[in-house]
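Spelled out from the first residue to the last, the chains are:
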Amino acid sequence: MTQVIRKAAELRDKVAAWKRSGMLVGVVPTMGALHDGHLSLARAARKQSDRVIVTVFVNPMQFNNASDLDKYPRDEAQDLALLEAEGVDVLFAPGVDEVYPDGFATTVSVAGITEPLEGAFRPGHFDGVATVCSKLFGMTQAGRAFFGEKDWQQLQVVQQLTRDLNMPIRIIGCPTIREEDGLAMSSRNVRLTAEEHELAPRLHSVMQEAAAKIRDGVPVEGALNDAKTELKDAGFGALDYLELRTVDGLKPATDLAEPARMLAAIWLGDVRLIDNIAV
Ligand code: AMP
C-alpha cells in the first residue's frame, strides 16, 4: 500500500522511524501526471534504496507562465494507482500552503549554469526549481534523489546546489524514457493534438541526424543550421534553442574536443517540447 501524506510533520516522523532502523530513503520529486519516465525513476529508487517517497507538487514558483500553470495536467487518483503498482511507500502530496506557508521568505538561486538555455527562456524557473528541491530535500530527509536526464540542465543545477550547500543527499541521474517513435515522454504531451503528436517525434530524429553529422566531422554550426531549417519546414513553431554544449559546465561547444550534449526547446502548438541527447 502506498500511503498518501500531505503534511511535512507526518512525513518527518515516518522517515525518522525508517532511519532509526537503518534504512536508506530515496525520493523522486515530480509534478504528477505520471508517465513511464517518472515510473522509471521510481523503479531506480526502489533498486537503490530501502524506502521510496515520490513527491507530487505542481510548484507555482517554477512556472514563468500563468497559463502553463493553469493548464498543467493533474490526476492524483491515477498517480496513486501507478505508484501502488510500483511498490512506492509514500506519495507525498503537500498543498501550496504546506510548502510555502505565510511568511515564507527564502529563494535559493544557483548562478552560472542556470543562465543559458532554459534559464534564458524561462526567467526565474531555476530559482523555483532550486528552492523547491531544497524544501523537498529538507522535508523528506532522503539520502538519495532521482532525477531524469530529460531535464538535463535541471539535473546539473540540482547537482550543483547539493554540492554547494553540502546537502546530505546523493543526486542520481536516470536516462530519458521515450515513446516508441522517439518522442521523450512528458506530462505536457497530453496537450498535443493528434496531428501535433504525430509531428513531435521529428524533433528527436532531426537531433539524432545532426548529432551523426557532427560526429562525422560536419562543422557544428552548419549541422545545427540544417536541423533548424528542417524543423521549420516540418511544421514546428518557434525554436527557443538548438545548441551543442559541453557536458561539464554547459559551455557552448564548437567541436567534440570535450564530451558534448545537444539540447533543444521548440514550440508545437501551445506546447513547448524539450529534449537532449549525447553527442
Ligand atoms: P516533472 O514531473 O516533469 O517535473 O518531472 C519529474 C522528474 O521526472 C524529473 O526529474 C524529470 O527529469 C523526470 N522525467 C520527466 N520526463 C522523463 C522522461 N521522459 N524520462 C525520464 N525522466 C523523466
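Computed from a predicted model, the values in this text were never measured in an experiment.

Student: Please give an account of unusual backbone geometry that cites residues and values.
Tutor: Backbone geometry places Ala-33, a non-glycine residue, at a positive phi of 50°. The residue Ala-33 is located in the loop between β2 (25–30) and α2 (36–48) in this model. Under the relative-accessibility criterion, Ala-33 is labelled buried at 17%.

Student: Give me the lowdown on the packing of helix α1 (residues 8–20) against helix α7 (residues 125–140), citing residues and values where you can.
Tutor: Contact pair α1 / α7: the axes reach a minimum separation of 8 Å and the direction vectors enclose 50°. It follows from the interaxial angle that α1 and α7 lie oblique. Residues Ala-8, Leu-11, Arg-12 and Val-15 of α1 pack against Gly-138, Met-139 and Thr-140 of α7.

Student: A description of the nonpolar core should follow, citing residues and the corresponding values.
Tutor: One finds Ile-53, Phe-92, Cys-133, Phe-137, Phe-147, Ile-169 and Ile-171 to be the most contacted residues of the largest nonpolar core, which totals 34 residues. Every element with two or more residues in this core is listed here: α1, β2, β4 (90–92), α7, β5 (144–148) and α8 (152–164). Tallying contributions element by element places α7 first for this core, with 8 residues. Those residues in contact with Phe-137 that sit more than four places away from it in its chain are Val-27, Pro-29, Ala-142, Ala-145, Phe-147, Val-158, Thr-162, Met-167, Ile-169 and Ile-171.

Student: How would you summarise the environment of Lys-19 if you had to cite specific residues and measurements?
Tutor: By secondary structure assignment, the location of Lys-19 is in helix α1. We classify Lys-19 as partly exposed; its relative accessible area is 39%. Taking the C-alpha atoms as reference, Lys-19 lies 49 Å from Gly-237; in sequence the two are 218 residues apart. Setting aside chain neighbours within four positions, we find Lys-19 in contact with Val-25 and Gln-141.

Student: Which residues make up the site of the ligand, and what values go with them?
Tutor: Neighbouring the ligand are 17 residues; His-38, Gly-148, Asp-151, Ile-177 and Met-185 lie closest to it. Met-31 is positioned such that a nitrogen or oxygen atom in its backbone is 2.9 Å from an oxygen atom of the ligand. A distance of 2.8 Å is found between a nitrogen atom of the ligand and a backbone nitrogen or oxygen belonging to Ile-177. For the ligand, the protein covers 93% of the area, taking 480 Å² as the surface of the free molecule. Every element with two or more residues in the shell around the ligand is listed here: β2, α2 and β5. Per-element tally for the shell around the ligand: the top contributor is α2, with 3 residues. Considering only residue class, the shell around the ligand consists of 8 nonpolar, 7 polar and 2 charged.

Student: Talk me through the UniProt feature "active site" (unreviewed entry) in the protein; I want residue IDs and the actual numbers.
Tutor: When the UniProt feature table is mapped to this numbering, "active site" (unreviewed entry) covers His-38. With respect to the helices, strands and loops of the structure, His-38 is situated in helix α2.

Student: Explain the side chain of Gln-154 residue by residue, including any values.
Tutor: If you trace the backbone, Gln-154 turns up in helix α8. A residue is classified by how much of its surface remains accessible, and Gln-154, at 17% relative accessible area, is buried. Setting aside its immediate chain neighbours within four residues, Gln-154 contacts Phe-126, Val-129 and Phe-147.

Student: Hey, could you go over the sheet that holds strand β8 (residues 260–268) for me, with residue numbers and the actual values?
Tutor: The strand order across the open sheet built from 3 strands is β7-β8-β9, with neighbouring strands paired in antiparallel fashion. Among the strands making up the open sheet, the edge pair consists of β7 (239–246) and β9 (271–278). Within this sheet the neighbouring strands show an average axis-to-axis angle of 10°, counted without direction. When β7 meets β8, the two strands line up antiparallel, connected through 7 bridges. By the bridge assignment, Leu-239 is partnered in β8 with Ile-266. On the sheet, helix α11 (residues 220–234) packs against β7 and β8 and is oriented at approximately 155° with respect to β7.

Student: Can you explain the packing of helix α10 (residues 202–215) against α11? Please cite residues and give values.
Tutor: Contact pair α10 / α11: the axes reach a minimum separation of 9 Å and the direction vectors enclose 160°. When the axis of α10 is compared with that of α11, the two are roughly antiparallel. In the packing of α10 onto α11, the handedness of the crossing is right-handed. Residues Arg-202, Leu-203, Val-206, Glu-209, Ala-210, Lys-213 and Ile-214 of α10 form the contact with α11, whose own contacting residues are Val-220, Ala-223, Asp-226, Ala-227, Glu-230 and Leu-231. Grouping the amino acids of the contact of α10 with α11 by side-chain chemistry returns 8 nonpolar, no polar and 5 charged.

Parameters and conventions
Starting from 1, residues in each chain are numbered consecutively following that chain's sequence as written. It should be noted that, the model being predicted, local features are given only for residues of pLDDT at least 70 and side-chain atom pairs only at 80 or more, the latter also being counted only at that level, while totals for whole chains, interfaces and linings use all residues. Calculation of side-chain values draws on the structure's entire complement of heavy atoms; hydrogens and water are dropped beforehand. Elements are defined by DSSP. Helices are runs of H or I of four residues or more, strands are runs of E of two residues or more, and each kind is numbered from the N terminus. Exposure classes here rest on a 1.4 Å probe applied to the protein chains alone. A residue is buried below 20% of its type maximum, exposed above 50%, and partly exposed in between. All axes are obtained by fitting lines to C-alpha atoms, using only the stretch in contact for helices, and the reported angles, taken between N-to-C directions, cover 0 to 180 degrees. Note on terminology: angles under 35 degrees are roughly parallel, angles over 145 are roughly antiparallel, angles of 65 to 115 are roughly perpendicular, and the others are oblique. Any pair of residues with heavy atoms lying within 4.5 Å of one another is described as a contacting pair. To define a nonpolar core, start from buried Ala, Val, Leu, Ile, Met, Phe, Trp, Tyr and Cys residues and group those joined through side-chain atoms within 4.5 Å. Nearness of a residue to a molecule or strand requires only that one of the residue's heavy atoms be within 4 Å of it. Side-chain atoms alone can form a polar contact between residues adjacent in sequence; in general such a contact is a pair of N or O atoms within 3.5 Å, and within protein one must be able to donate a hydrogen while the other accepts it. Surface accessibility in these figures is a Shrake-Rupley result with a 1.4 Å probe; residues are shielded only by whichever protein chains are displayed. We call Asp, Glu, Lys and Arg charged. Ala, Val, Leu, Ile, Met, Phe, Trp, Tyr, Cys and Pro are nonpolar, and the rest, Gly among them, are polar. UniProt positions are given in the numbering used here, feature names are shortened, and annotations may be inferred rather than shown by experiment. Paired strands, in this sense, are two strands between which DSSP finds at least two bridges. The handedness criterion is simple: a crossing whose near helix is rotated anticlockwise from the far helix by less than a right angle is left-handed, and one whose near helix is rotated clockwise is right-handed.

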